[in-house]
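Residue-level structure breakdown
Take a look at the letters that make up each chain.
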Amino acid sequence: MPGQRRTRISAVDTAWLRMDRPQNLMVICGVMLFRERLSLARLREVVDKRFAVFRRFRERPVELPGVSFWETDPHFDVARHVVHTALPAPAGRAQLQALVSRLATTRMDPTHPMWQFHLVDRYDGGSAVIARMHHSYADGIALVRVMLSMTDAGPDGPPAMPFAPQRKRERDDDDALVQLMAPFAGVLATARKVGAMLVDKGVDLWSDPSKAVALAGQGTALTAEIAKLVLMPQDSPTRFKGRPGVTKHVAWTEPLPLAEIKAIGNALGASINDVLLSCVAGALRAYLAGKGDDTEAVVLRALVPVNLRPIEKAYKLGNQFGLVFLDLPIGIENPVERLYAVRANMNALKGSFQPVLALGLLAAMGSGPKALQDLLLDALARNASAVMTNVPGPQQPLYLAGAPLASLMFWVPQSGDIGMGVSIISYNGAVQFGVITDAGLCPDPDRIASRFASEFEKLVLTTLMAPWPRNGDLDPQEAEAAVVA
């Protein structure tokens, strides 16, 4: 359309824009639960004034040969993006989970801005809001932050987490990479060059390990990280690995008290994140064991997003995060021993160049041919079985469109052939777990989600039974003896 406003999509966001596959759409999906009924008219008003005020949410992506643009939608209508969706009776959790599962696998309309809010106004005596957005608009951290800017501290305000969106005109060549935190600037410039080199060479490094070994011999931390990434073996073959289909299932848990999780972490000299990931590993182990699968020495590797920008810059939207590969010790039965193993694996990743390397690689992928992007994504994704995200949310009660927010959950998409996602978010003194799985690989994610609480209870019980060393120097035999004593 003549005179249509366009701004160029950054290379990283372009990579996410064209990462869609029928079996894995790049749609971030979230659910907010309310004990009271929400008004559709008031929700539309809030979204229009405090969400769509960000210019990006009034734009649609346009892909042309060799370049992609954000283009203002001349027919933008908030009513198209905030809609009413009915649930079949009895409108309980099972019906809502089925609806979320369907929407998470429904392609967004590219002729309009690719986001939508679905109001379910008769859910369990209250309401639910399902939010969907294409990953090219924003990463999970930015999206959660922007959505929380719509909330209030009370039924009629004031805003709970206010901040002003960026209103000045962005340069057409604006790239999210240049807005990274200063400590990463020098490394990131190198990572971008390395990413371009990897794209230029296609998958040669993955198909010829000797080239990766030679690269490691160059003696820099970054080249060593590249070689480690290329030479990384696949994780254990479990029922979670395989070729996913189109159908997905989601499930979530009742919240766990954050104070209790903190207390166990303090008692064992571990972080909240260590405790949560250990419970995830325990739930996955219990699920596999319940299916009769062998869990001895099983390691499940997860891709974990790492935020690479100050949280106050989240309003700039776009994708500014890296990725690390985290090994979860599914084969360890003792919950405390497993916690220390998770902590050791997390500590080994501190200071790693994996996040900035992954972001640089994504930028290069978005600048290169899509066919090569697909090949490289497949090469990376086959080394992991899940995507796991942990987002710290606000710890005070919030209100949306006048109704108190009881709980919230979200899921990020899985790339390549990864068939499982685990999300953790804290809010108002509680922690919520959510799971999304491929229906063919894992048709019953509720059986995973239901085990999170029991795995935490096992960790609490085991901690109370013996004085564990805070430094993590745990003898496995001593741990086993303490539990069975």
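The structure contained in this document is the topic of the report that follows. Each chain carries its own residue numbering, running from 1 in the written order of its sequence. Selection of residues for local features in this predicted model requires a pLDDT of at least 70, selection of side-chain atom pairs for listing and counting requires 80 or more, and totals for whole chains, interfaces and linings are taken over all residues. Side-chain metrics in this entry use all non-hydrogen atoms of the structure; hydrogen atoms and water are not considered.

1. With respect to helix 11 (residues 272-290)
- For helix 11, with 19 residues, the first-to-last C-alpha span of 27 Å sits near the 27 Å given by 1.5 Å per residue.
- Partly exposed describes any residue whose relative accessible area lies between the buried limit of under 20% and the exposed limit of over 50%, with all areas from a 1.4 Å probe on protein chains only and scaled to the type maximum. Strands are runs of DSSP state E lasting at least two residues, helices are runs of H or I lasting at least four, and both sets are numbered from the N terminus onward. The element helix 11 is extensively covered by neighbouring structure, given that 15 of its 19 residues are classed as buried.
- Glycine 292 sits one or two positions beyond helix 11 and adopts a positive phi of about 85 degrees. Helix span, as expected, comes to 1.5 Å for every residue beyond the first.

2. Describing the sheet that holds strand 4 (residues 67-72)
- In space, the three strands of this open sheet follow the order 1-4-3, with antiparallel pairing throughout. The sheet is open, and its two borders are formed by strand 1 (6-8) and strand 3 (59-64), each paired with just one other strand. Direction aside, neighbouring strands of the sheet carry axes that sit 30 degrees apart on average. Only strands that DSSP links by at least two bridges are regarded as paired with each other. Lines fitted to C-alpha atoms define the axes here, with helix axes fitted over just the stretch in contact, and angles between the N-to-C directions of these axes take values from 0 to 180 degrees.

3. Regarding unusual backbone geometry
- The omega torsion across alanine 89 and proline 90 is 10 degrees, close enough to zero to call that bond cis.
- That bond from glycine 157 to proline 158 is cis: its omega, 5 degrees, falls within 30 degrees of zero.
- Its identity as a non-glycine residue notwithstanding, alanine 91 has a phi of 55 degrees, on the positive side.
- Mapping alanine 91 onto the fold places it in the loop between strand 5 (82-84) and helix 4 (93-104).
- Using a relative accessible area of 9% as the deciding quantity, one classes alanine 91 as buried.
- Non-glycine residue aspartate 124 carries a positive phi angle of around 50 degrees.
- Tracing the sequence through the fold places aspartate 124 in the loop between strand 6 (115-123) and strand 7 (126-134).
- Aspartate 124 gets classed as exposed once you look at its relative accessible area, which sits at 61%.

4. Here we look at the nonpolar core
- By convention a nonpolar core is built from buried Ala, Val, Leu, Ile, Met, Phe, Trp, Tyr and Cys residues, the set being connected through side-chain atoms within 4.5 Å. Core analysis: the largest hydrophobic core is formed by 96 residues, its most contacted members being Phe51, Leu96 and Phe117.
- If near-sequence neighbours (up to four positions away) are discounted, leucine 96 is found in contact with Val31, Leu33, Leu87, Val120, Tyr123, Ala128, Ile130 and Trp252.
- Counting residues in hydrophobic clusters, the runner-up holds 46 residues, among them Leu284, Val298, Tyr340 and Leu349. Pairs of residues are marked as contacts when any of their non-hydrogen atoms sit within 4.5 Å.

5. Looking at the sheet that holds strand 13 (residues 399-400)
- An order of 5-6-7-2-14-13 is seen for the six strands of this open sheet, with the pairing classed as mixed. Two strands in the sheet have a free side with no partner beyond their single neighbour: strand 5 and strand 13.
- Pairing analysis gives six bridges linking strand 2 (residues 27-34) to strand 14 (residues 403-411), with the strands arranged antiparallel. Looking at strand 14, one finds that glycine 30 is bridged to phenylalanine 410.
- With respect to the sheet, helix 5 (residues 140-148) is in contact with strand 2, strand 6 and strand 7, its orientation differing from that of strand 2 by roughly 35 degrees.

6. What about the environment of threonine 253?
- Turning to its location among the elements, threonine 253 is positioned in the loop between strand 8 (248-252) and strand 9 (256-257).
- Taking relative accessible area as the criterion, threonine 253 reaches 8% and is therefore assigned buried.
- Threonine 253 sits 200 residues away from alanine 453 along the chain, and the two C-alpha atoms are 8.2 Å apart.
- Residue contacts for threonine 253: discarding those within four places in its chain leaves Arg93, Gln432, Phe433, Ala449 and Phe452.

7. Considerations on the pattern of salt bridges
- For this document, the term salt bridge refers to a Lys or Arg side-chain nitrogen within 4 Å of an Asp or Glu carboxyl oxygen. Within the structure shown, the criterion is met by 21 salt bridges.
- The residue arginine 56 makes a salt bridge to glutamate 59 at a minimum N-O spacing of 3.2 Å.
- Residue arginine 56 is classed as buried on the basis of its relative accessible area of 11%.
- Since its relative accessible area comes to 0%, glutamate 59 is described here as buried.
- Where aspartate 417 meets arginine 243, a salt bridge forms, and the shortest distance between an N and an O atom there is 3.0 Å. Of this pair, aspartate 417 sits in the loop between strand 14 and strand 15 (420-427) while arginine 243 sits in the loop between helix 9 (221-231) and strand 8, placing them 174 residues apart in sequence.
- Judged by relative accessible area, which is 27%, aspartate 417 ranks as partly exposed.
- With a relative accessible area of 59%, arginine 243 lands in the exposed category.
- Each of Arg6, Arg60, Glu71 and Asp73 takes part in a single network of salt bridges with overlapping partners.

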